[in-house]
Amino acid sequence: MAAGFKTVEPLEYYRRFLKENCRPDGRELGEFRTTTVNIGSITTADGSALVKLGNTTVICGVKAEFAAPPVDSLNKGYIVHSCRVVPHSPFFQTVPNVDLPPLCSSRFRSGPPGEEAQVASQFIADVIENSQVIQKEDLCISYGKLAWVLYCDLICLDYDGNILDACTFALLAALRNVELPAVTINEETGLAEVNLKKKSHLNIRAHPIATSFAIFDDTLLIVDPTGEEEHLATGTLTVVMDEESKLCCLHKPGGSGLTGAKLQDCMSRAVTRHKEAKKLMDEVIKSVKPK
């Protein structure tokens, strides 16, 4: 009977649970799904992480290569998010890409990235730029001669909502897992010399972590929405905070509006979520043996 009612009137089905301050999956309105992270999942990458947020699963791999610094910024490197490169441009033009393949959900189709994938890609680019998680100056090896390029690929393996939180968490964990070898320039030959025995982690300047909300009936907020909850919601909101409780990014793709008080409440919850998620990440990274 319940299954039939859910099929015929899914929104009303959810409302009956929300009136009791709970959800069909047993969570309270402000409760997150179980979050797990695995560091170093891809052995061929310089850094990687697999993140599960409930049933939503995202894997991120980071690969480092050499390149000449941009002609207009000789002291900087690059962070490339699975991008297309325009080789004849004076600088690399990147088109960030989060891959949402058909294997992760029947709602996605093969072919060019859909709207949701493009939105997620731009969101990740904005988070990296606004949070300054890595400063491009730190990727410079030799001024005007050589710099690191970090290729970051994000792929969703299983989709059940809240893809933005999972992608942000996976990217940060993967970047923290990266170890780069020491590189010097031979003054006689002008070639790069790599010391694989001496590696160092990236200088992570900030730890941006996203917290997403779904809005029901224009007023009710729930955190970490599933795919079904996102579909039924009248709006969504994603808040990205760093460890200093600084707002890095705010993503509100239309839908129901929020009062100032509601928005402040979301930001307060995002601060609390940041502390919990960063603690989890720190514990996992600490438990991983050095490469």
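What comes next is a walk through the structure. Chains are numbered independently. Their residues run from 1 in the order of the written sequence. For a predicted model such as this one, the threshold for reporting local features is a pLDDT of at least 70, and the threshold for listing and counting side-chain atom pairs is 80 or more; totals across whole chains, interfaces and linings nevertheless cover every residue. Computation of side-chain values covers all heavy atoms of the structure but excludes hydrogens and water.

## Examining the overall build of the protein chain
Piece 1. Numbering of helices and strands runs from the N terminus; a helix is a DSSP stretch of H or I covering at least four residues, while a strand is a stretch of E covering at least two. Helix and strand counts for the protein chain come out as six helices and 13 strands.
Piece 2. The globule rule puts the C-alpha radius of gyration for 291 residues at 19 Å, and the 21 Å found for the protein chain is close to it.
Piece 3. Considering only C-alpha atoms, the protein chain reaches an extent of 80 × 40 × 35 Å along its principal axes.
Piece 4. Throughout this description, buried means an accessible area under 20% of the type-specific maximum (1.4 Å probe, protein chains only), exposed means over 50%, and partly exposed covers the range between. A burial count over the protein chain gives 45% of its 291 residues as buried.
Piece 5. In the protein chain, the share of contacts with a sequence separation of at least 24, taken over all contacts with a separation of at least 6, comes to 64%.
Piece 6. With residues, only the protein chains shown are counted as cover, and all accessible areas are computed by Shrake-Rupley using a 1.4 Å probe. A total accessible area of about 15000 Å² is found for the protein chain, and carbon and sulfur atoms account for 52% of it.
Piece 7. In this tally Asp and Glu are treated as negative and Lys and Arg as positive; neither His nor the chain ends contributes. For this purpose, a charge sits on NZ of Lys, CZ of Arg, CG of Asp or CD of Glu. Side-chain charges in the protein chain split into 31 positive and 37 negative, and the spacing between the mean points of these groups amounts to 3 Å. All radius of gyration figures rest on C-alpha atoms, and the globule criterion is 2.2 Å times the number of residues raised to 0.38. Any two residues whose heavy atoms approach within 4.5 Å are treated as being in contact.

## Remarks on the sheet that holds strand 13 (residues 247-251)
Backbone hydrogen bonds are what pair the strands of a sheet, in a parallel or an antiparallel way.
Piece 1. Two strands pair under a simple rule: DSSP has to find at least two bridges between them. The strand order across the open sheet formed by four strands is 11-10-12-13, and the pairing between neighbours is antiparallel. Bordering the open sheet on either side are strand 11 (220-223) and strand 13, each of which pairs with just one other strand. With direction set aside, neighbouring strand axes in the sheet form an average angle of 25°.
Piece 2. The pairing of strand 10 (residues 209-216) with strand 12 (residues 235-241) spans seven bridges and is classified as antiparallel. Note on method: axes are straight lines fitted to C-alpha atoms, helices fitted across the in-contact stretch only, with angles between N-to-C directions ranging 0 to 180 degrees.

## Topic: the nonpolar core
Piece 1. As used here, the term nonpolar core means buried Ala, Val, Leu, Ile, Met, Phe, Trp, Tyr and Cys residues forming a set that is joined through side-chain atoms within 4.5 Å. Formed by 53 residues in total, the largest nonpolar core has its most connected members in I134, L154, L175 and L202.
Piece 2. The leading source of residues in this core is helix 4 (residues 163-177), at 11 residues.
Piece 3. If we skip the residues at most four places from it in the chain, L202 touches I134, L139, L150, L175, V178 and L180.

## What about the side chain of S131?
Piece 1. Looking at the element boundaries, S131 is found in helix 3 (residues 115-131).
Piece 2. The buried category is assigned to S131, whose relative accessible area is 9%.
Piece 3. The residues touching S131, leaving out its near neighbours within four places in the chain, are A206, P208 and C248.

## Things to note about a nonpolar patch on the surface
Piece 1. On the surface, a nonpolar cluster with roughly 280 Å² of combined accessible area is contributed by F66, V194 and L196.
Piece 2. Following the sequence through the fold, F66 ends up in strand 3 (residues 56-67).
Piece 3. Judged by its relative accessible area of 35%, F66 falls in the partly exposed class. Like-charged residues are merged into a patch within 9 Å and nonpolar side chains (Val, Leu, Ile, Met, Phe, Trp, Tyr) within 5 Å, provided each residue has over 30% relative accessible area and no salt bridge. Salt bridge, as used here: a side-chain nitrogen of Lys or Arg that lies within 4 Å of a carboxyl oxygen of Asp or Glu.

## Comments concerning the side chain of S142
Piece 1. The topology assignment puts S142 in strand 6 (residues 140-142).
Piece 2. Judged by relative accessible area, which is 16%, S142 ranks as buried.
Piece 3. Excluding anything up to four places from it in sequence, S142 contacts P69 and I185.

## A look at helix 4
Piece 1. Here helix 4 contains 15 residues, and its C-alpha end-to-end distance of 21 Å stays within 8% of the 21 Å for a straight helix at 1.5 Å per residue.
Piece 2. Of all 15 residues in helix 4, 15 are buried, a share of seventy percent or more. The span expected for a helix works out to 1.5 Å for each residue beyond the first.

## Quick notes on the packing of helix 3 against helix 4
Piece 1. Closest axis-to-axis distance for the helix 3/helix 4 pair is 10 Å, and the angle between their directions is 45°. Viewed along their axes, helix 3 and helix 4 adopt a mutual orientation that is oblique. The two elements helix 3 and helix 4 cross, and the hand of that crossing is right-handed. Here helix 3 contributes E116, A120, F123, I124, V127 and I128 to the contact with helix 4, which in turn contributes I163, L164, C167, T168 and L171.
Piece 2. Residue classes follow a fixed rule: Ala, Val, Leu, Ile, Met, Phe, Trp, Tyr, Cys and Pro count as nonpolar, while Asp, Glu, Lys and Arg count as charged, and any other residue, Gly among them, counts as polar. Across the contact of helix 3 with helix 4, the residue classes tally to nine nonpolar, one polar and one charged. Orientation labels follow simple angle bins: below 35 degrees gives roughly parallel, above 145 gives roughly antiparallel, 65 to 115 gives roughly perpendicular, and whatever is left gives oblique. Left-handed describes a crossing whose near helix is turned anticlockwise from the far helix by less than a right angle; the clockwise case is right-handed.

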